[in-house]
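Single-letter residue listing:
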Amino acid sequence: MSFEIRKIVTYLEETRIEGGKATDKPVTMVGLAVVIKNPWLGRGFVEDLKPEIKANCSDLGALMVERLTAAIGGADKIEAYGKAAVVGAEGEIEHASAVIHTLRFGNHYREAVKAKSYLSFTNKRGGPGTSIQIPMMHKDDEGLRSHYITLEMQIEDAPRADEIIVVLGAADGGRLHPRIGNRYIDQEELAAEKAQ
């Protein structure tokens, strides 16, 4: 058994100038979205979502990671990563969560990029053309604010009421010209202020 896939969408953007200032190293962000039929819809309230998770999520994760890493030029190029899901109007937020918040799905990505950080995420309900935000962070360091970056995309005809969009995001760098430091610097500054 596997999820019924209607569409696979790859979105790629490369940023070269931010705040009017060019960069020597453009940052590329990629979103890989898979539009699936919601397997829990039309069955009333489904108490146990695990049979579909066990049967489908690992295969979906493997497929998506293979496509995403190819689109960005290899897993070794990925510095920031994240995930998202949007369930159609007839589904539950829990249906979207059931696909992306499982180790069967996410471990494929973590292992491919040798990550230490958890995958940041969004999950929400929406209709066709809804904005999909994929929040990302550094794959090895949750406190590195330079890599708090969000990819936004949309699919004009998805999700339909009976679908779920499942998305993985990747970036080969952080924001251009980051200047706000990181949480470790904040901790040091706050400790020094308290000591005064």
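Preceding this section is the structure that the text describes.
As the structure is a computational prediction, the values presented were derived from the model and not from experiment.

Visitor: What exactly am I supposed to notice about the overall build of the protein chain here?
Guide: Scanning the protein chain from N- to C-terminus turns up four helices and seven strands. Along the chain direction, N to C, the helices and strands of the protein chain fall in the order β-β-α-β-α-α-β-β-β-β-α. The globule rule puts the C-alpha radius of gyration for 196 residues at 16 Å, and the 18 Å found for the protein chain is close to it. With the C-alpha coordinates aligned to their principal axes, the bounding extent of the protein chain is approximately 60 × 40 × 30 Å. The buried share of the protein chain, taken over its 196 residues, is 46%. Restricting to contacts in the protein chain with at least 6 residues of sequence separation, those with at least 24 account for 77%. Treating the 25 positive side-chain charges of the protein chain as one cloud and the 29 negative ones as another, the clouds have centres 1 Å apart.

Visitor: Explain helix H3 (residues 103-113) here, please?
Guide: Given 3.6 residues to a turn, an α-helix orients residues that are three or four positions apart in the same direction. Along H3, the residues classified as buried are Phe105, Gly106, Tyr109, Arg110 and Val113. On an axial view of H3, the arc spanned by its buried residues comes to 115°, and they lie on one face. Among the exposed residues of H3, those oriented more than 90 degrees off its buried face are Leu103 and Glu111. The elements touched by buried residues of H3 are helix H1 (50-72), strand S3 (80-87), helix H2 (93-100) and strand S7 (163-171). For H3, the side-chain oxygen to backbone nitrogen distance between the N-cap and Arg104 is 3.2 Å, and the N-cap itself is Thr102. Looking one or two residues beyond H3, the residue adopting positive phi is Lys114, at roughly 55°.

Visitor: Help me understand the pairing of S7 in this model?
Guide: By the criterion of burial, S7 is predominantly enclosed, with nine of the nine residues buried. Burial of the side chains of S7 extends over both faces: Glu163, Ile165, Val167, Gly169 and Ala171 are buried on one face and Ile164, Val166, Leu168 and Ala170 on the other. In terms of strand pairing, S3 meets S7 through eight bridges, oriented antiparallel. Across the sheet, Ala84 pairs through a bridge with Val167, a residue of S7.

Visitor: Would you mind showing me how to read the environment of Leu12 here?
Guide: Position of Leu12 among the secondary structure elements: in strand S1 (residues 5-18). Linking Leu12 and Ala85, residues 73 residues apart in sequence, is a C-alpha distance of 18 Å. Discounting residues that sit within four places of it in the chain, Leu12 has contacts with Thr28, Met29, Val30 and Ala71.

Visitor: Looking at this structure, I do not really get the nonpolar core. What am I missing?
Guide: Nonpolar side chains tend toward joint burial in soluble globular proteins. Ranked by internal contacts, the top residues of the largest apolar core, which has 32 residues, are Val99, Tyr109 and Val166. Elements that contribute at least two residues to this core include exactly strand S2 (21-37), H1, S3, H2, H3 and S7. Val35, Ile132, Ile155 and Leu176 belong to the second-largest nonpolar core, a separate cluster that totals 20 residues.

Visitor: It is not clear to me how unusual backbone geometry should be interpreted in this structure. Could you clarify?
Guide: Generally, phi is negative for residues other than glycine and the peptide bonds are trans, each holding for most cases. For the bond running from Ala158 to Pro159, omega is 0°, close enough to zero to count as cis. Secondary-structure assignment places Pro159 in the loop between strand S6 (149-153) and S7. The phi dihedral of Lys114 is positive, around 55°, even though this residue is not glycine. With respect to the helices and strands, Lys114 occurs in the loop between H3 and strand S4 (120-125). Look at His177: it is not a glycine, yet its phi comes out positive at around 55°.

How each quantity is defined
Residues numbered from 1 in each chain as written. Predicted model: local features only at pLDDT ≥ 70, side-chain atom pairs only at ≥ 80, totals over all residues. Heavy atoms only, no water. Helix = DSSP H or I, 4+ residues; strand = E, 2+ residues; numbered from the N terminus. Rg over C-alpha atoms; globule rule 2.2 N^0.38 Å. Buried < 20%, exposed > 50% of the residue type's maximum accessible area, 1.4 Å probe, protein only. Contact = heavy atoms within 4.5 Å. Lys, Arg positive; Asp, Glu negative; His and termini not counted. Charge placed at Lys NZ, Arg CZ, Asp CG, Glu CD. Arc of directions from axis to C-beta. Polar contact = N/O pair within 3.5 Å; in protein donor to acceptor, adjacent residues only side chain to side chain. Pairing = 2+ DSSP bridges. Core = buried A, V, L, I, M, F, W, Y, C linked by side-chain atoms within 4.5 Å.

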